[in-house]
Amino acid sequence: MTTHAHLRLGIVGVGGMGGAHADNIIAKRIPRLDLVAVCDTDPDQLSRFSTLRTFTDSRELIRSGVVDAILIATPHYDHTTIGVDALGQGLHVLTEKPLSVHKADCEKLIAAYQKRPKKSQLFAAMFQTRTEPAWIKLRQLIKSGEFGEIRRINWIVTDWYRTEAYYASGGWRATWRGEGGGVLINQCPHNLDLMQWLFGMPVKVRGFCGLGKWHAIETEDAVTSYLEYANGATGVFITSTGEAPGTNRLEIAAEKGRVLLENGKISWIRNVVGMSEFSRTTKERFDRPETWNVEIPAPGISNHHNAILHNFTDAVLDGKPLIAEAVEGINSVELGNAMLLSSVLDRTLELPLDSAMVEREFKKLIKNSTYEKKVVKHGATDLGKSFSTGKS
């Protein structure tokens, strides 16, 4: 825990989401969290922060002595180098999603955290969907065994629609070298985090990815993946940035019936008798269990990103548990890596993935790229349109 009454924060990367976080903190929406410094390689992005300390080199900010913690909101590959540096210098670290681009880089970050000079240092991730009441309630019910053993998971999350203007807004976006991927590494880390948070990790993944299927990009913008779990359950995960209006619908088939989460609401067609028990005991050939229609309330509200900022501040100052420890972020990265590389390699992959193989394949994607990105600069945009309740 810090010795200051308030937590002094620096943000690295203020051109997009980092700038939105900065505005919220400056507006005093997070008690006891003070934004004292910002850093960006583009001096133009720093011009509106004239009352703060500004840096164009993260290493200088990290060693400045003016901050207790940093929030990393840079292009994804930089999460690793900046995070390792900050952790090694004794700072608390909160990183935007994803933890990094691939499993090997995640392992480097986790190793740096495990070797941190101060055991009181915290390392958190911006997985704000974990604060939404419906997801919290669903996880409680799954972990309690209320639904019984899960047999099938089907999540269609195609309401991540993005335009050509979005992809043209930055030279790093949707490139192997700059971003390290497309929808799986940029939009879906929240969904992939919830997948592993709710159901654990699968043991096999077969992915089918469309590279630049709906946009002039080189990375994936359409994904259909099949997953197998250790208990025999199967899953299908479908996502895209090329579908409007899109769907966000999670369906779970379990012993005690079918559960649906859509539009922030949980509905359960509950089997009065579990499907396996009914199958074993009934004498009827075409009968099925009696069902009840149950609407499950999920009271409460979520402040999304601010909820994580609140929690990070309370964790540092008061020792409260983190909502999303960054070390858990390797799971969502590995899931996305498996879906992408299964498609690239045209075969089913077993988990856990070999991180050396993953790093090697990502380097091949960069080396073999012939894509030339065209960047078109636009004015300020409303980042609130990029996420909604129940998604991110």
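Described below are features of the structure shown in this document.

## Concerning the packing of helix 4 (residues 77–88) against helix 5 (residues 103–114)
- At a closest axis distance of 9 Å, the pairing of helix 4 and helix 5 adopts a crossing angle of 10 degrees. Here helix 4 lies roughly parallel to helix 5, going by the angle between them. Each of Tyr77, His79, Thr80, Gly83, Val84 and Leu87 in helix 4 lies in contact with helix 5, whose residues at this interface are Asp105, Lys108, Leu109, Ala112 and Tyr113.
- When grouped by side-chain class, the residues that make up the contact of helix 4 with helix 5 number 6 nonpolar, 3 polar and 2 charged.

## What to know about the sheet that holds strand 2 (residues 33–39)
- The strand order across the open sheet built from 6 strands is 3-2-1-4-5-6, with neighbouring strands paired in parallel fashion. Of all strands in the sheet, those with a lone pairing partner are strand 3 (53–55) and strand 6 (123–125), marking the two edges. Across the sheet, the axes of successive neighbouring strands diverge by a mean angle of 25 degrees, strand direction being ignored.
- Relative to strand 2, strand 1 (residues 7–12) is paired through 6 bridges, and the arrangement is parallel. The partner of Val12 across the bridge, within strand 2, is Cys39.

## Examining the packing of helix 11 (residues 329–345) against helix 12 (residues 355–367)
- Interaxial distance between helix 11 and helix 12 falls to 11 Å at its minimum, and their mutual angle equals 60 degrees. With respect to helix 12, the element helix 11 is oriented oblique. Considering only the axes of helix 11 and helix 12, their crossing is left-handed. For the pair helix 11 and helix 12, contact is made by Asn337, Leu340, Leu341 and Leu345 and by Met357, Val358, Glu361, Phe362 and Leu365, respectively.
- Per-class residue counts for the contact of helix 11 with helix 12 are 7 nonpolar, 1 polar and 1 charged.

## A few points about unusual backbone geometry
- Residue Pro98 follows Lys97 across a cis peptide bond; omega there is -10 degrees.
- Tracing the chain through its elements places Pro98 in the loop between strand 5 (92–95) and helix 5.
- The linkage connecting Leu351 with the following residue, Pro352, adopts the cis geometry, with an omega of 5 degrees.
- One can find Pro352 in the loop between strand 15 (349–350) and helix 12.
- The backbone phi angle of Asn263 is positive, close to 55 degrees, even though this residue is not glycine.
- With respect to the helices and strands, the residue Asn263 is situated in the loop between strand 12 (257–262) and strand 13 (265–271).
- Its relative accessible area of 69% is what places Asn263 among the exposed residues.
- Phi is positive for Asp346, close to 60 degrees, though the residue is something other than glycine.
- Residue placement: Asp346 occurs in the loop between helix 11 and strand 15.
- You can call Asp346 exposed: its relative accessible area is 57%.

## Overview of the packing of aromatic side chains
- Counted by the stated rule, this structure contains 5 aromatic pairs.
- Geometrically, the ring pair formed by Trp155 and Phe237 is edge-to-face, given 6.0 Å between the ring centres and 90 degrees between the ring planes. Taken as a pair, Trp155 in strand 7 (residues 150–157) and Phe237 in strand 10 (residues 234–240) lie far apart in primary sequence, 82 residues in all. Here Trp155 and Phe237 have matching classes, each one buried.
- Between the aromatic rings of Tyr166 and Tyr167, the centroid separation amounts to 5.0 Å while the plane-to-plane angle is 75 degrees, which identifies the pairing as edge-to-face. Just as Tyr166 is buried, Tyr167 falls in that class too.
- An aromatic cluster is built from Trp135, Trp155 and Phe237, whose rings are joined through pairwise contacts.
- Sitting above the plane of the Tyr113 ring, Arg116 keeps its charged end 4.0 Å from the centroid.
- The positively charged end of Arg162 is found above the aromatic ring belonging to Tyr166, 5.2 Å away from the centroid.

## Details of helix 12
- Taking 1.5 Å per residue as the helical rise, helix 12 with its 13 residues ought to reach 18 Å, and the 18 Å between its terminal C-alpha atoms agrees with that figure.
- Among all positions in helix 12, only Ser355, Met357, Val358, Glu359, Glu361, Phe362, Leu365 and Ile366 are buried.
- The secondary structure elements touched by the buried residues of helix 12 are helix 4, helix 5 and helix 11.

The rules we used
- The residue numbers shown here count from 1 along each chain, following its written sequence.
- Local features in this predicted model are restricted to residues of pLDDT 70 or higher, and side-chain atom pairs are both shown and tallied only at a pLDDT of 80 or more, whereas totals for entire chains, interfaces and linings draw on every residue.
- Water and hydrogen atoms were dropped before computing side-chain values, which therefore reflect all heavy atoms in the structure.
- To define axes, lines are fitted to C-alpha atoms, for helices over the stretch in contact only, and angles between the resulting N-to-C directions are given on a 0 to 180 degree scale.
- Here a strand is any run of E in DSSP of at least two residues, a helix any run of H or I of at least four, and the numbering for each starts at the N terminus.
- Note on angle classes: values under 35 degrees are labelled roughly parallel, values over 145 roughly antiparallel, values of 65 to 115 roughly perpendicular, and the remainder oblique.
- Two residues form a contact once any of their heavy atoms are found within 4.5 Å.
- Residues were grouped as follows: Ala, Val, Leu, Ile, Met, Phe, Trp, Tyr, Cys and Pro as nonpolar; Asp, Glu, Lys and Arg as charged; and all remaining residues, including Gly, as polar.
- Any two strands are treated as partners once DSSP identifies two or more bridges connecting them.
- Take the far helix as the reference: if the near one is turned anticlockwise from it by less than a right angle, the crossing is left-handed, and if turned clockwise, right-handed.
- Burial classification: accessible surface area is computed with a 1.4 Å probe over protein chains only, and a residue below 20% of its type maximum counts as buried, one above 50% as exposed, and the rest as partly exposed.
- Stacked, tilted and edge-to-face pairs are distinguished by plane angle, under 30 degrees for stacked and over 60 for edge-to-face with tilted covering the rest, among Phe, Tyr and Trp rings (Trp via its six-membered ring) whose centres lie within 6.5 Å.
- Each ring is checked for a lysine NZ or an arginine CZ that lies within 6 Å of its centre and within 35 degrees of its normal; such an atom marks a charge sitting over the ring.
- Expected span of a helix, by definition, is 1.5 Å for each gap between consecutive residues, and there is one gap fewer than residues.

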